[in-house]
Amino acid sequence: MLGALAVCAGDAELPAPGGTGRAVLGVLLLTPGTTVTDERLLDLAWGPDKGSRRALQCTVSRLRAWLGRHTGTACRLERTPGGYRLRVPEQSVDVTRFEAYARPGEVGEPPAGRFERLLAALDEWSGPVLGGRPEWL
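Rules used in this analysis
Residues numbered from 1 in each chain as written. Predicted model: local features only at pLDDT ≥ 70, side-chain atom pairs only at ≥ 80, totals over all residues. Heavy atoms only, no water. Helix = DSSP H or I, 4+ residues; strand = E, 2+ residues; numbered from the N terminus. Buried < 20%, exposed > 50% of the residue type's maximum accessible area, 1.4 Å probe, protein only. Contact = heavy atoms within 4.5 Å. Areas by Shrake-Rupley, 256 points an atom, 1.4 Å probe, with all protein chains shown as cover. Lys, Arg positive; Asp, Glu negative; His and termini not counted. Charge placed at Lys NZ, Arg CZ, Asp CG, Glu CD. Phe/Tyr/Trp six-rings, centres within 6.5 Å; stacked < 30°, edge-to-face > 60°. Lys NZ or Arg CZ within 6 Å of the ring centre and 35° of its normal.

Visitor: Mind showing me how you'd approach the overall build of the protein here?
Guide: Summing up its helical and strand segments, the protein has five helices and five strands in all. Start at the N end of the protein and walk to the C end: the helices and strands fall as β-β-α-β-α-α-β-β-α-α. Buried positions account for 34% of the 137 residues belonging to the protein. In the protein, 58% of the contacts between residues at least 6 apart in sequence involve partners at least 24 apart. With the model as given, the accessible surface of the protein reaches about 8100 Å², and the carbon-plus-sulfur share is 56%. When the 17 basic and 16 acidic side-chain charges of the protein are each reduced to a single mean position, those positions are 9 Å apart.

Visitor: For this particular structure, what's the right way to read the packing of aromatic side chains?
Guide: Scanning the model with the defined rule gives one aromatic pair in all. Seen from their ring centres, F98 and W125 are 5.9 Å apart, and the 90° between their planes marks the pair as edge-to-face. Of this pair, F98 sits in helix α4 (residues 94-102) while W125 sits in the segment after α5 (111-123), and the two are 27 residues apart along the sequence. Between R79 and the ring centre of Y84, over which it is positioned, the NZ or CZ distance is 4.6 Å.

Quick look at the structure:
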């Protein structure tokens, strides 16, 4: 996420889904475990006033099948009352690792320890978010 969208299983990089499936996956991975509303997914994956709920449902269905083939039960794309949520293993997304490293440390943490954690957070970045590709929106 903090660079080009790349999906890995173990040491192997998987071919990410194309088109709107890639866009929906990207949006959900920016906030793993958090519900993203249908409206937000439609706006970000298809553009304002361009997508339909049916198109979103079809895309989610294909994305679920793709996740099942490549991750088994490790990742779950769930329908919630407010939208969709992607559950992924903790620390499997660079955004999540970045946030963990960048969190304030314990009271009395030595400055060197804080500095090392901030460097580790910066190491999670490999380029513009989602590869800087505005067409995914």
